[in-house]
Amino acid sequence: MTRGGSVAVVGGGIIGLSIAWRLQQGGADVVVFDDGELGAWFVAAGMLAPGGEATHEEPHLVRLLEASNERWPGFAAELGVDVGYDDTGTLSLAMTADDLAESARVWTRQKLPLLRPSELREREPALSPRVRAGVYSPTERQVDPRRVVLALRERLAGHVVSKRVDKLSEVDAETVIVAAGCGTAALTGLPVRPVKGQVLRLRGEPGLLRHVLDATVDGRHVYLVPRKDGEIVVGATQEERADRTVTAGGVHDLLRAAIELVPDLAECELAETTVGHRPGTPDNAPLLGRLDDRVIVAAGHHRNGVLLAPITADLIAGLVLDGVADPLLEHFAPGRF
Ligand code: GLY
């Protein structure tokens, strides 16, 4: 017996696959259509940062980010393979007095105690002596999105079909879930726009960095996400553009800020340069819920697609399997604009 009838998920990224996995676990007859394009998950560093990535003027979004962050340890464990989930935590850092003035507003709101440069370097010896101040967030962790997508695809073996969907009327299923990132706009007419991010991957000695570093360096935001194997993801530009060009200026700005923060990074191999597009919406909060009797949308996660995957999957699967909209969905209706 299937629950929820036949369900097609359009989009084989971290959001679409997570939803499909929960639906499959709940007994639905589910298929994922994946167009073969590498989505934002391929570029994403995998910071799980509900505090650092949110502007706290959006309390409903903050509640969603925090609820999803709480689900990540269980979600990663349930996948049953190493997906790079690491709970060492994040150091948020300010390089100059001006950077500190800017960052201090956020840190005060988060109620995190300010650490002196010596305390920061005790935690992270490779930091530049120029770093002025910072805070430690034990609940801001990381995961490797490429490993997560691979694990989800394995869990869904036989249910992921390579196919590009151009029109929802072509899809033969009782319920269609559109989780197509930036492609959601063309399929539904909803306002999802591409927000370009250039991201670098460096390769150095394993253990050079311990924490995720999220910093403001001379007014520029940069983050460094170190993996156990020596890879360090450096991100990211934020540009209102749809092109896929890796620019000299983008790479220069990221490397300059990263090396100012951690001088030893200058010795690392520059292993990869990539471009991705965050799916932005007019308020940069996701579109989650019913569009009509047949179509459900789960898109527009902007900077938070990886962090929001577990809660999106649970909420959307609940909507399909039980026919009940969780109150958390209330502020994210796809038709709110
Ligand atoms: N969440 C990180 C970014 O969007 O760059």
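All values derive from a computational prediction rather than experimental measurement.

1. Brief notes about the overall build of the protein chain
- When helices and strands are counted, the protein chain shows nine helices and 15 strands.
- The globule rule puts the C-alpha radius of gyration for 337 residues at 20 Å, and the 20 Å found for the protein chain is close to it.
- Dimensions of the protein chain, computed from the C-alpha atoms along their principal axes, are close to 60 × 35 × 35 Å.
- Within the span of the protein chain, comprising 337 residues, buried residues form 53% of the whole.
- Partitioning the intrachain contacts of the protein chain with sequence separation of at least 6 by distance along the chain shows that 76% fall at a separation of at least 24.
- Entry remark: accessible area of the protein chain is about 14,400 Å², with carbon and sulfur atoms responsible for 51%.
- Of the side-chain charges in the protein chain, 36 are positive and 47 negative, and the distance between the mean point of each set is 1 Å.

2. Examining the packing of helix α1 (residues 14-25) against helix α6 (residues 145-155)
- At their nearest, the axes of α1 and α6 sit 10 Å apart, and the two run at 35° to each other. Classified by chirality, the crossing of α6 by α1 is left-handed. Listed contacts from α6 to Ile14, Leu17, Ser18, Trp21 and Gln24 of α1 are Val148, Val149, Leu152, Arg153 and Arg155.

3. Quick notes on the packing of α1 against helix α3 (residues 59-79)
- With their axes 13 Å apart at the nearest point, α1 and α3 run at an angle of 70° to one another. Considering the angle they form, α1 stands roughly perpendicular to α3. Contact residues: α1 offers Ser18, Trp21, Arg22 and Gln25, while α3 offers Phe75, Glu78 and Leu79.
- When its residues are assigned to classes, the contact of α1 with α3 shows three nonpolar, two polar and two charged.

4. A short note on the nonpolar core
- Ile14, Leu23, Trp72 and Ile177 are the most contacted members of the largest nonpolar core, which has 49 residues in total.
- Put simply, the parts of the chain that give this core at least two residues each are β1 (6-10), α1, β2 (29-34), α3, α6, β15 (295-299) and α9 (305-322).
- If one sorts the elements of this core by residue count, α9 sits on top with 12 residues.
- The residues touching Trp72, leaving out its near neighbours within four places in the chain, are Leu48, Tyr85, Val143, Val148, Val306, Leu307 and Pro310.
- Leu91, Leu93, Leu209 and Ala257 belong to the second largest nonpolar core, which has 26 residues in total.

5. As for helix α4 (residues 97-110)
- Its 14 residues give α4 an end-to-end C-alpha distance of 20 Å, which sits within 8% of 20 Å, the value for a rise of 1.5 Å per residue.
- In the structure, α4 departs most strongly from a straight axis at Ser103, where the bend amounts to approximately 35°.
- Those residues of α4 that sit buried are Asp99, Leu100, Ser103 and Trp107.
- Against the buried residues of α4 lie β4 (90-94), β5 (133-137) and β10 (212-217).
- Positive phi shows up at Lys111, right after α4, with a value of about 60°.

Conventions we followed
Residues numbered from 1 in each chain as written. Predicted model: local features only at pLDDT ≥ 70, side-chain atom pairs only at ≥ 80, totals over all residues. Heavy atoms only, no water. Helix = DSSP H or I, 4+ residues; strand = E, 2+ residues; numbered from the N terminus. Rg over C-alpha atoms; globule rule 2.2 N^0.38 Å. Buried < 20%, exposed > 50% of the residue type's maximum accessible area, 1.4 Å probe, protein only. Contact = heavy atoms within 4.5 Å. Areas by Shrake-Rupley, 256 points an atom, 1.4 Å probe, with all protein chains shown as cover. Lys, Arg positive; Asp, Glu negative; His and termini not counted. Charge placed at Lys NZ, Arg CZ, Asp CG, Glu CD. Axes fitted to C-alpha atoms, helices over the stretch in contact; angles between N-to-C directions. Left-handed = near helix turned anticlockwise from the far one by under 90°. Parallel < 35°, antiparallel > 145°, perpendicular 65-115°, else oblique. Nonpolar A, V, L, I, M, F, W, Y, C, P; charged D, E, K, R; others polar. Core = buried A, V, L, I, M, F, W, Y, C linked by side-chain atoms within 4.5 Å. Expected span 1.5 Å × (residues − 1). Bend = angle between axes of the 7 residues up to and from the residue.

Geometric values such as these leave the question of function open.
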